[in-house]
Each structure stands twice: as C-alpha cells, then as structure tokens.
Amino acid sequence: GRRLERSLHLMTLLKGAVAYPRKAEGPVLEAVLEVADSGMTYRRRYMSSLRAEAVLDLLVFDETNPRSLAAQLAGLED
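Here's a quick rundown of the structure. (Residues numbered from 1 in each chain as written. Predicted model: local features only at pLDDT ≥ 70, side-chain atom pairs only at ≥ 80, totals over all residues. Heavy atoms only, no water.)

### Observations regarding a nonpolar patch on the surface
The cut-off we apply is this: A patch consists of residues whose relative accessible area exceeds 30% and which take part in no salt bridge; residues with like charges are grouped when within 9 Å of each other, and nonpolar side chains (Val, Leu, Ile, Met, Phe, Trp, Tyr) when within 5 Å. Only the protein chains shown count as cover for residues, and all accessible areas are computed by the Shrake-Rupley method using a 1.4 Å probe. When a carboxyl oxygen of Asp or Glu lies within 4 Å of a side-chain nitrogen of Lys or Arg, that pair is called a salt bridge. Secondary structure elements follow DSSP: runs of H or I no shorter than four residues count as helices, runs of E no shorter than two count as strands, and numbering proceeds from the N terminus.
Side chains of Leu4, Leu8, Met11, Leu73 and Leu76 sit close together on the surface and give an oily, nonpolar patch of about 450 Å² of accessible area. Of all the elements in the fold, those that place two or more residues in the nonpolar patch are helix H1 (2–18) and helix H5 (69–77). With three residues, H1 is the single largest residue contributor to the nonpolar patch. The residue Leu76 is located in helix H5 in this model.

### Some details on helix H4 (residues 52–61)
A turn of α-helix holds 3.6 residues, and therefore any two residues three or four places apart point the same way. Filter applied, for reference: Residue burial is assigned from relative accessible area. The probe radius is 1.4 Å, only protein chains are included, and a residue is buried under 20% of its type maximum, exposed over 50%, and partly exposed in between. The criterion used for residue contact is that any of the two residues' heavy atoms lie within 4.5 Å.
Along H4, the positions that sit buried rather than exposed are Ala52, Ala54, Val55, Leu58, Leu59 and Val60. Packing partners of the buried residues in H4 comprise H1, helix H2 (25–35), helix H3 (39–46) and H5.

### Observations regarding unusual backbone geometry
Of note, Asp37 is a non-glycine position whose phi angle comes to about 60°, a positive value. Secondary-structure assignment places Asp37 in the loop between H2 and H3. Even without glycine at this site, Met47 takes up a positive phi of about 40°. The topology assignment puts Met47 in the loop between H3 and H4.

None of the figures reported here should be taken as evidence of function without further support.
What follows is the structure in structure tokens.
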C-alpha cells in the first residue's frame, strides 16, 4: 500500500522535475527534496550546492534513505 504509493508519487515527481533540465535548476531541486522529505538528509550528506546527480542518487538509489525509491522497493520485497 503505502510503499507502492510513495514509489509511484516519487517517480512522477522526478519525471516532472528533472527529466527536462532548466537553466535555474537549483530552486526546482530544492522543491523536489522538500516534497520528498529529504532536504535535511541531502544537506547533511552532501554539504554542497545542489547537484541533480546527487539529488537523484539520494532519492532513487540510496537504500539508506528511507524516503528513496530503492528503500521503498526493498521494503516491498520484504
């Protein structure tokens, strides 16, 4: 239920936000992190300016981030 729903919402958010690069991507990436409830995690781990690659890594592939797609899919698998 919730894990599948969160996964679908996250994929939709990322598709709409990062599929088409913009000149001013910083505010968009910041909004994506806040909607995904991962802004504090990003700042703690990366301590640098926003980078699309790092945002995607955190939200898609990082199983240690409980809000990431990978963590949701691992939870579904369990």
